[in-house]
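# Coordinate inspection notes
Here's the letter readout for the chains.
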Amino acid sequence: MKSPNTEATVPAAVDHDSALIQELRDNPNYAEVYLQTALEEIYEPGGVSAFLIALRQVIEARGGVGEIAKKSGIARQHIYRALSESGNPTLTTITELTRAAGVRLTPTHHS
């Protein structure tokens, strides 16, 4: 006689990046705080790269590169290139991307 299956169903693991993007999607205010925090840490070692990763995650949460490309008028390929590990976006590109994503970067004064 076969015994009943006693194994519990285990939910699929969600990687950190996907979980963060979902959190950014679920909580629009958090997206702005998250990106602002990355901006404030931009002068730390690895800060520029961390900021670009944060911006990519916010863009993904706000509809993805295709949606942001339509809203910003910036070609998808340019967005991918600008936000890649070796990317070096201009201030104009960052401004247009954040505007299209519905987040605003606020300068802070440091003494």
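Above this text you will find the structure in question.
Read on for an overview of the structure. (Residues numbered from 1 in each chain as written. Predicted model: local features only at pLDDT ≥ 70, side-chain atom pairs only at ≥ 80, totals over all residues. Heavy atoms only, no water.)

Time to look at the pattern of salt bridges. For the coordinates displayed, the defined rule picks out two salt bridges. A salt bridge links Lys-71 to Glu-67, with the nearest nitrogen and oxygen atoms 3.9 Å apart. Residue Lys-71 and its partner Glu-67 are both found in helix H4 (residues 64-72); the two are separated by four residues, about one turn of the helix. For Lys-71, a relative accessible area of 52% corresponds to the exposed category. (Salt bridge = Lys/Arg side-chain N within 4 Å of Asp/Glu carboxyl O. Helix = DSSP H or I, 4+ residues; strand = E, 2+ residues; numbered from the N terminus. Buried < 20%, exposed > 50% of the residue type's maximum accessible area, 1.4 Å probe, protein only.)

Right, let's get into the packing of helix H3 (residues 47-61) against helix H6 (residues 91-101). Between H3 and H6, whose axes approach to 10 Å, the crossing angle comes to 35°. Regarding H3 and H6, the two cross each other, and that crossing is left-handed. For the pair H3 and H6, the contacting residues are Phe-51, Leu-55, Val-58 and Ile-59 in the first and Ile-94, Leu-97, Thr-98 and Ala-101 in the second. Counted by class, the contact of H3 with H6 contains seven nonpolar, one polar and no charged residues. (Axes fitted to C-alpha atoms, helices over the stretch in contact; angles between N-to-C directions. Left-handed = near helix turned anticlockwise from the far one by under 90°. Contact = heavy atoms within 4.5 Å. Nonpolar A, V, L, I, M, F, W, Y, C, P; charged D, E, K, R; others polar.)

Considered as a void within the structure, the largest pocket measures approximately 240 Å³ in volume. Together, Leu-39, Ile-42, Phe-51, Leu-91, Ile-94, Thr-95, Thr-98, Arg-99, Val-103, Arg-104 and Leu-105 line the largest pocket. The dominant element in the lining of the largest pocket, judged by the number of residues it contributes, is H6, at five residues. Tallied by class, residues from the lining of the largest pocket come to seven nonpolar, two polar and two charged. The volume enclosed by the second largest pocket comes to roughly 210 Å³. Along its surface, the second largest pocket is lined by 10 residues, and Leu-39, Glu-40, Ile-42, Tyr-43 and Thr-108 are the ones closest to its centre. (1 Å grid on protein atoms, 1.4 Å probe; cavity = no way out; pocket = protein on both sides within 12 Å on 5 of 7 lines; lining within 4 Å. Points joined across faces, edges and corners; volume = space filled by probe spheres on them.)

Honestly, that's just the spatial picture; any functional story needs more than this.
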